Structure formats: structure tokens, C-alpha cells
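Fold and geometry: a report
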Amino acid sequence: MMRSLYSAISGLKNHQVKMDVIGNNIANVNTTGYKKSRVTFSTMLSQTLQGASSAGATLGGTNPMQVGLGASLRSIDQIMTQGSMQSTGKPEDLMIQGEGFFVLTTNGTDRLYTRSGAFSKDSAGNLVEPASGAKVVAANNTGTIKIDPDVYTSFTVDKTGVITGIKKDGTSEKITDMNIQIATFPNPAGLMNQGGSFYVESNNSGTVKRYGEGATDGSYPAGTKLISNTVEMSNVDLSEEFTDMITAQRGFQANSRVITVSDTLLQELIDLKRG
């Protein structure tokens, strides 16, 4: 009798976590560069009441008799698929089409990674993430992107990350060593979410590779390019999240019902004692 209570409690806890993840996905439906998460469950240990037996000369074999002891969280995965495109008309806004992450730094040495390319220029001409002030790292990995406001009035970024500055006299020139770096990982879903739409490396993300003109690993990977005046939106699908929310709600209700019925049966046993 008590097994059903504890099994149902594990189900309640798991479905609460699933609702937490769904709620976070929906909250970030309009967050640039956000990658949704999903929850999967697995069975817990089973209590074996009777083992399996093999077939004999006169009797056939029998299967094991086991009672499951509930469910546990199997994983909370990040789904790193491409988000939708939103045109902004702002030259500082960039979008990666394909694999990879923008590389930023807050102290010149540590590296942060993001899919959100909603950047701005500060008063010194640095290309930064406006909320944190983190600077965008150049492809050579030794400096950050800076468009000198005393020399250039505006700039463009091509699909390979090369920046061309527009001078005050209307002429243009490629800005040396100011190319956008893109970093890739063997397992991008293994990156740790740091908040602020930033990721950092983890033990399971793999060795980073750096791409761009002047980067150690060469030009961008095949199928990857930058799109300027555009940002990548969240890859959250609301119809899918609402469907998952319904199934999570029903799963929670069903486990609650198991607890209620188990309690009723226990009450029947108590009433028998009173009788």
C-alpha cells in the first residue's frame, strides 16, 4: 500500500519540475537567442517479488514479477535548434545562421558565449552586449570589436564576419583585425547557462573551436554565416509548450488521485480496526 503513495509522490515531484521548465520556456518565448529546454523521465528501481525461471523438460519458463517504485528525472536537455529570424534594420544586430556562438568578454580573459546578437556600440565605439557591457571578441581572439567613431560614421558586416567601415568622406575600407568570431562546440547542449543569455564551457561541452578571418580554426564552418540587421529569436514553439503543459497537468492530477485513493484504502483499514 505504501509503495503506491511514494510512487505517486515521485510522480508529483517530476511533473512539478516539468511545469517549471515549461513555465521558463514560455517566459522566454520572446527572448532573443533563447534555446528551449525539455524534461524526460525514467523508471526508478523495481522490487522483485519473483525472479524469472527458465524452461524445463515439462514446464515452460516464467517471467519475473516486479513492482515499480516510481519515476525519477532522467534529464533536462537544452534544444539547440535554430530560432526564427527578426529583421531590425539596426547594423549592430547580428544573427548566426547555422551552428556556433558569438564570443564576448567582461574582463578581457574569460569568455562568454551567446546566440543573442542584439548588440550596440558604446561611446568609445566598442561593440557590446548592452545589458551587461560585455565586449564582442574579434576572430583573432586577442582583441575586441571596436569601430572608431572619430574615423567611421557607420559600418557593415558581411556573411563571413568581416567588418567594413564607412568613413566621414563616404569612402569605405575593411577594418583590420576587426572580424566577428564564432565559436563552436562538439556538444553545444552541454554548455552551462549563466543567465543574461550567456553560456560558459562545461566538462561535457567539448573543446571550443574558433572561426572567422584570422581565427585559429579558419573561416566559418560550412553552412554557417552571419546575417546583419537581424536577430535570432527564441526557438520556443508555444503550441508545443501548451500541449506539454496539458500533459503535465494531467500527469500531476493523476498522481494526486493515486495518493487520494491510497489514503482512502488506508482509512478503510483503520475503520476495520475500530470495528
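Our subject in this report is the structure included herewith. Since the model is a prediction, treat every value here as computed from it, not as a measurement.

A short note on helix H1 (residues 2-27)
Helix length check: H1, at 26 residues, gives a terminal C-alpha distance of 38 Å against a target of 38 Å (1.5 Å per residue), a fit within 8%. The complete set of buried residues in H1 reads Leu5, Ser7, Ala8, Ser10, Gly11, Leu12, Asn14, His15, Lys18, Val21, Ile22 and Asn25.

Digging into unusual backbone geometry
A negative phi angle is the norm for most residues apart from glycine, just as the trans form is the norm for most peptide bonds. Of note in this structure, Asn141 is not a glycine but carries a positive phi near 65°. Within the element layout of this structure, Asn141 appears in the loop between strand S11 (135-136) and strand S12 (152-157). The phi dihedral of Ser197 is positive, around 65°, even though this residue is not glycine. If you trace the backbone, Ser197 turns up in the loop between strand S16 (192-195) and strand S17 (198-200).

Concerning the sheet that holds strand S13 (residues 162-167)
As a general point, the strands of a sheet are linked pairwise by backbone hydrogen bonds and lie either parallel or antiparallel. Here we have 3 strands laid out as an open sheet, ordered S12-S13-S14, and antiparallel in their pairing. Only two strands of the sheet have a single neighbouring strand rather than two, namely S12 and strand S14 (172-179). The sheet shows a mean angle of 35° between the axes of neighbouring strands, direction not considered. Direction of pairing for S13 relative to S14: antiparallel, over a ladder of 4 bridges. Across the sheet, the residue bridging to Gly165 is Glu173, located in S14.

Topic: the packing of aromatic side chains
Tallied over the full model, the rule gives 4 aromatic pairs. With 5.2 Å between their ring centres and 80° between their planes, Phe102 and Phe119 make a pair best called edge-to-face. Here the residue Phe102 occupies a position in strand S7 (residues 101-105), and Phe119 occupies one in the loop between strand S8 (112-114) and strand S9 (120-121), the gap between them amounting to 17 residues. The residues Phe102 and Phe119 share a single accessibility class, namely buried. Ring geometry for Tyr113 and Phe185: centres 5.0 Å apart, planes at 90°, overall edge-to-face.

Re the pairing of S12
Within a regular strand, side chains alternate between the sheet's two faces. Note that S12 and S13 share 5 bridges and pair antiparallel. Residue pairing across strands places Ser154 opposite Ile166, the latter belonging to S13.

Considering the side chain of Ser205
Residue position: Ser205 is located in the loop between S17 and strand S18 (209-211). Exposure remark for Ser205: the relative accessible area of 0% places this residue in the buried category. Looking at Ser205, its side chain comes within polar contact range of the main-chain oxygen of Ser202, at 3.0 Å. With residues up to four places along the chain from it excluded, the contact list for Ser205 reads Phe185, Pro186, Asn187, Gly190 and Leu191.

Each value, and the rule that gives it
Residues numbered from 1 in each chain as written. Predicted model: local features only at pLDDT ≥ 70, side-chain atom pairs only at ≥ 80, totals over all residues. Heavy atoms only, no water. Helix = DSSP H or I, 4+ residues; strand = E, 2+ residues; numbered from the N terminus. Expected span 1.5 Å × (residues − 1). Buried < 20%, exposed > 50% of the residue type's maximum accessible area, 1.4 Å probe, protein only. Pairing = 2+ DSSP bridges. Axes fitted to C-alpha atoms, helices over the stretch in contact; angles between N-to-C directions. Phe/Tyr/Trp six-rings, centres within 6.5 Å; stacked < 30°, edge-to-face > 60°. Polar contact = N/O pair within 3.5 Å; in protein donor to acceptor, adjacent residues only side chain to side chain. Contact = heavy atoms within 4.5 Å.

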